[in-house]
Amino acid sequence: FLRGQQLIEKDLEIEKKFEEATKFLFEQKFNHKPLTQVGSNHPDGMLSFKDALILWDNKSKESCVNLKDHIRQFDGYVRAAEKRVACFLVIGPDFTPESAALAMQYQVEDGVTITLITAQELKSLAENWEQKQKDKSESSFPLGYLIQPGRFRPDLVAAF
């Protein structure tokens, strides 16, 4: 589909475009500037949240993301962070049922919330926020709503 739309030439470009789209949502729709990261061994994005960080990683797959396949990678990012990590967002097409339980286990054992959010849920949230904030262009999305253990629940986000 993406090749047909001339958005990509090679499948490898999907990951880069997914990362760029996510950064765009945070920067342009949610009004939060992602922090600059150095080196190559880091999550796809990082935001400042109070005295902590919110990290995110995009998983472009055609099937459900199984958190178990990536938890060591994410744990490495959390442990290498210069500040406390309030939340680690995993953004993908969908998630295996076991992933939510593993996210809860990680929070209990390591004290860091892992939120599993689909790309569509993040996009919808950003569009809803933008729509409701038309007159308040300087207003930033309250990032605390993203800090939900396991699967993201849009119904827990208050009406703006």
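This write-up is about the structure you can find in this document.

What counts and how
- Residues numbered from 1 in each chain as written.
- Predicted model: local features only at pLDDT ≥ 70, side-chain atom pairs only at ≥ 80, totals over all residues.
- Heavy atoms only, no water.
- Salt bridge = Lys/Arg side-chain N within 4 Å of Asp/Glu carboxyl O.
- Helix = DSSP H or I, 4+ residues; strand = E, 2+ residues; numbered from the N terminus.
- Buried < 20%, exposed > 50% of the residue type's maximum accessible area, 1.4 Å probe, protein only.
- Phe/Tyr/Trp six-rings, centres within 6.5 Å; stacked < 30°, edge-to-face > 60°.
- Pairing = 2+ DSSP bridges.
- Contact = heavy atoms within 4.5 Å.
- Axes fitted to C-alpha atoms, helices over the stretch in contact; angles between N-to-C directions.
- Left-handed = near helix turned anticlockwise from the far one by under 90°.
- Nonpolar A, V, L, I, M, F, W, Y, C, P; charged D, E, K, R; others polar.
- Polar contact = N/O pair within 3.5 Å; in protein donor to acceptor, adjacent residues only side chain to side chain.
- Core = buried A, V, L, I, M, F, W, Y, C linked by side-chain atoms within 4.5 Å.

### Quick word on the pattern of salt bridges
Side chains carrying opposite charge are able to pair once their charged atoms draw close together.
Phase 1 of the analysis: Here the structure, examined in full by the defined rule, presents 9 salt bridges.
Phase 2 of the analysis: A salt bridge links Asp-51 to Arg-84; the shortest N-O distance between them is 3.4 Å. Linking Asp-51 in the loop between β1 (45-49) and β2 (52-58) with Arg-84 in the loop between α2 (71-80) and β3 (85-92), this pair joins segments that are 33 residues apart in sequence.
Phase 3 of the analysis: Asp-155 serves as the salt-bridge partner of Arg-153, at 2.7 Å between the closest nitrogen and oxygen.
Phase 4 of the analysis: By relative accessible area, which is 54% here, Asp-155 ends up exposed.
Phase 5 of the analysis: Look at the salt bridges and you will find they share partners, linking Asp-75, Arg-79 and Asp-110 into a network.

### Examining the packing of aromatic side chains
Phase 1 of the analysis: Evaluation of the coordinates by the stated rule reveals 7 aromatic pairs.
Phase 2 of the analysis: Ring geometry for Phe-26 against Phe-30: centres 5.5 Å apart, planes inclined by 40°, an arrangement best described as tilted.
Phase 3 of the analysis: Judged by relative accessible area, which is 0%, Phe-26 ranks as buried.
Phase 4 of the analysis: Among the residues examined, Phe-30 registers a relative accessible area of 0% and is labelled buried.
Phase 5 of the analysis: Ring centres of Trp-129 and Phe-141 lie 5.4 Å apart, and the angle between their planes is 85°; this geometry places the pair in the edge-to-face category. Separated by 12 residues along the polypeptide, Trp-129 in helix α4 (residues 119-132) and Phe-141 in the loop between α4 and β5 (150-151) bring together distant segments of the chain.

### Remarks on unusual backbone geometry
Phase 1 of the analysis: With a phi close to 65°, Asn-31 is a non-glycine residue in the positive phi region.
Phase 2 of the analysis: Structurally, the position occupied by Asn-31 is in the loop between α1 (13-29) and β1.
Phase 3 of the analysis: Take Asn-31: its relative accessible area is 29%, and that puts it in the partly exposed class.

### Examining the sheet that holds β3
Phase 1 of the analysis: Strand order in the open sheet formed by 5 strands is β1-β2-β3-β4-β5, with mixed pairing between adjacent strands. Edge strands, defined here as strands with exactly one partner in the open sheet, are β1 and β5.
Phase 2 of the analysis: Bridge analysis of β2 against β3 gives 6 bridges, and the strand direction is parallel. Bridge assignment links Leu-55 to a residue of β3, and that residue is Phe-88.
Phase 3 of the analysis: The strands touched by helix α3 (residues 97-110) are β4 (113-118) and β5; relative to β4, the strand with the most contacts, the crossing angle is about 155°.
Phase 4 of the analysis: Relative to β4, α4 is tilted by about 85°, and along the sheet it contacts β3, β4 and β5.

### A word on the packing of α2 against α3
Phase 1 of the analysis: Direction vectors running N to C along α2 and α3 enclose 35°, while the axes themselves pass 13 Å from each other. Between α2 and α3 lies a crossing of right-handed hand. Of α3, the residues touching α2 (which contributes Ile-71, Asp-75, Val-78 and Arg-79) are Leu-102, Tyr-106 and Asp-110.
Phase 2 of the analysis: Here the residues of the contact of α2 with α3 are counted per class, giving 4 nonpolar, no polar and 3 charged.

### Details of the environment of Gln-37
Phase 1 of the analysis: Assignment of secondary structure puts Gln-37 in the loop between α1 and β1.
Phase 2 of the analysis: Those residues in contact with Gln-37 that sit more than four places away from it in its chain are His-42, Pro-43, Asp-44, Gly-45 and Met-46.
Phase 3 of the analysis: Looking at Gln-37, its side chain comes within polar contact range of the side chain of His-42, at 3.5 Å.
Phase 4 of the analysis: Within polar-contact distance, the side chain of Gln-37 engages the backbone oxygen of Pro-43 at 3.1 Å.

### Brief notes about the nonpolar core
Phase 1 of the analysis: By size, the foremost hydrophobic cluster in this structure holds 23 residues, and its most contacted members are Phe-26, Phe-30, Leu-89, Leu-143 and Leu-146.
Phase 2 of the analysis: Excluding residues within four positions of it along the chain, Phe-30 makes contact with Leu-25, Leu-122, Leu-125, Ala-126, Trp-129, Ser-139, Ser-140 and Phe-141.
Phase 3 of the analysis: With 19 residues, the next largest nonpolar core counts Met-46, Phe-74, Tyr-77 and Val-85 among its residues.

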